[in-house]
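For reference, the chains in residue letters:
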Amino acid sequence: MEFILLDETQHTYLQQAARILRQAFPHCFDDCAEEIVQEMLMEDRVALGAVRDGRLVGLAGAIPRYDLTAWELHPLAVEESSRSQGVGRALVGELEKLLRERGCLTLYLGSDDEDNSTTLSEGDLFEDTWEKIRNIRNLKRHPFSFYQKLGYQIIGVIPDANGLGKPDIWMGKSLAR
Ligand SMILES: CC(C)(COP(=O)(O)OP(=O)(O)OC[C@H]1O[C@@H](n2cnc3c(N)ncnc32)[C@H](O)[C@@H]1OP(=O)(O)O)[C@@H](O)C(=O)NCCC(=O)NCCS
């Protein structure tokens, strides 16, 4: 597997990127995957692709949010048939390396729970917020466990971000400490 920085000349990879996004997030990117890929290519951002046998199998984007010291990881997706083979871990590792070189101290991301995939979807998350975060359990392979394995920790939540009982879970990792 090799990593490439995606740019607007790579039409085939960009089409594959849009397909991977649609497949990974059908509920939100079904009709706008091409636009999301174009946004990933904006000048200040980083758009990384993982290529295997000449085909894009995953992508990771990063957006500078606080000058260059904190970046948001968005989006991240691996094509279905290539999951659980270390592609996601390798992509995030490579992205962290690139961002460290650009002065990133903190890499963070939001990971929604829109379908009761974690215990944070149960009840009112404004009550006992930090106790619930401490005791979070994964009910349906929510990706927070993937990020935890890569060294990310939960740094906050937005209760009801996507509707009642549908929080956004914010995670972050220091690239400097
Ligand atoms: C989340 C995603 C990027 C993971 O990519 P991947 O290539 O399958 O992950 P890896 O094979 O590198 O997995 C690394 C580790 O995380 C674990 N893991 C991966 N996805 C997981 C999940 N959903 N729940 C729990 N653990 C998970 C793997 O078992 C592996 O553990 P190990 O090192 O102990 O063997 C991929 O499943 C995906 O694209 N999902 C749909 C889109 C998505 O949810 N993106 C993130 C939005 S915030």
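You'll find the structure just up there.
Presented here is an overview of the structure given in this document. Here the structure is a predicted model, which means the values were calculated and not measured.

1. Quick word on the overall build of the protein
Within the protein, the secondary structure is distributed over six helices and seven strands. Along the protein, from the amino end to the carboxyl end, the secondary structure elements read β-α-α-α-β-β-β-α-β-α-α-β-β. In terms of overall size, the protein behaves like a compact globule, its C-alpha atoms giving a radius of gyration of 16 Å where 177 residues would be expected to give roughly 16 Å. Projected onto its principal axes, the C-alpha coordinates of the protein cover approximately 50 × 35 × 30 Å.

2. Considerations on the pairing of strand S4 (residues 70-78)
Both strand S3 (residues 55-66) and S4 contribute to a ladder of seven bridges, which runs antiparallel. In the strand pairing of S4, alanine 62 is matched with leucine 73. Where S3 hands over to S4, the hairpin turn is made up of three residues, of which aspartate 67 adopts a positive phi near 50°. As defined by bridge partners, S4 adjoins strand S5 (residues 106-112) across three bridges and the pair is classed as parallel. Its bridge partner being in S5, glutamate 72 is matched across the sheet by tyrosine 108.

3. Thoughts on the environment of leucine 91
Here leucine 91 lies in helix H4 (residues 87-101). Setting aside residues no more than four positions away along its own chain, leucine 91 makes contact with Leu48, Ala50, Gly58, Ala60 and Leu76.

4. Observations concerning the sheet that holds S3
Strands sit in the order S1-S2-S3-S4-S5-S7-S6 across an open sheet of seven strands; the sheet is mixed. For this open sheet the edge positions go to strand S1 (2-5) and strand S6 (153-158), each flanked by a neighbour on one side alone. Taken pair by pair, the neighbouring strands of this sheet meet at an average axis angle of 30°, ignoring direction. Lying on the sheet, helix H1 (residues 11-24) is in contact with strand S2 (46-52), S3 and S4; it crosses S3 at an angle near 80°.

5. With respect to the site of the ligand
As a matter of local geometry, the ligand sits amid 18 residues, with Arg83, Gly88, Arg89, Ser145 and Phe146 nearest to it. Only S4, H4, S5 and helix H6 (144-149) provide two or more residues apiece to the shell around the ligand. Residues belonging to the shell around the ligand are distributed by class as follows: eight nonpolar, six polar and four charged.

6. Considerations on the packing of H1 against helix H3 (residues 33-40)
For the pair H1 and H3, interaxial distance at closest approach is 8 Å and the crossing angle is 120°. Looking at the two axes, H1 sits oblique to H3. For the element pair H1 and H3, the recorded crossing hand is right-handed. Within the contact between the two elements, H1 uses Leu14, Ala17, Ala18, Leu21 and Arg22 and H3 uses Ala33, Glu34, Ile36 and Val37. Residues belonging to the contact of H1 with H3 are distributed by class as follows: seven nonpolar, no polar and two charged.

7. A few points about unusual backbone geometry
Each neighbour pair has its own omega, and for histidine 74 with proline 75 the value is -5°, a cis peptide bond. By the secondary structure assignment, proline 75 is in strand S4. Unusually for a residue other than glycine, serine 84 sits at a positive phi of about 60°. Assignment of secondary structure puts serine 84 in the loop between S4 and H4. Using a count of 8 C-beta atoms within 10 Å as the deciding quantity, one classes serine 84 as exposed. Even without being glycine, arginine 141 reaches a positive phi, approximately 50°. Locating arginine 141 in the fold gives a position in the loop between helix H5 (129-134) and H6. Arginine 141 sits in the exposed class, given 9 other C-beta atoms within 10 Å.

What counts as what
Residues numbered from 1 in each chain as written. Predicted model: local features only at pLDDT ≥ 70, side-chain atom pairs only at ≥ 80, totals over all residues. Helix = DSSP H or I, 4+ residues; strand = E, 2+ residues; numbered from the N terminus. Rg over C-alpha atoms; globule rule 2.2 N^0.38 Å. Pairing = 2+ DSSP bridges. Contact = placed C-beta atoms within 7 Å. Axes fitted to C-alpha atoms, helices over the stretch in contact; angles between N-to-C directions. Near = placed C-beta within 6 Å. Nonpolar A, V, L, I, M, F, W, Y, C, P; charged D, E, K, R; others polar. Parallel < 35°, antiparallel > 145°, perpendicular 65-115°, else oblique. Left-handed = near helix turned anticlockwise from the far one by under 90°. Buried ≥ 20, exposed ≤ 12 C-beta atoms within 10 Å, placed from the backbone.

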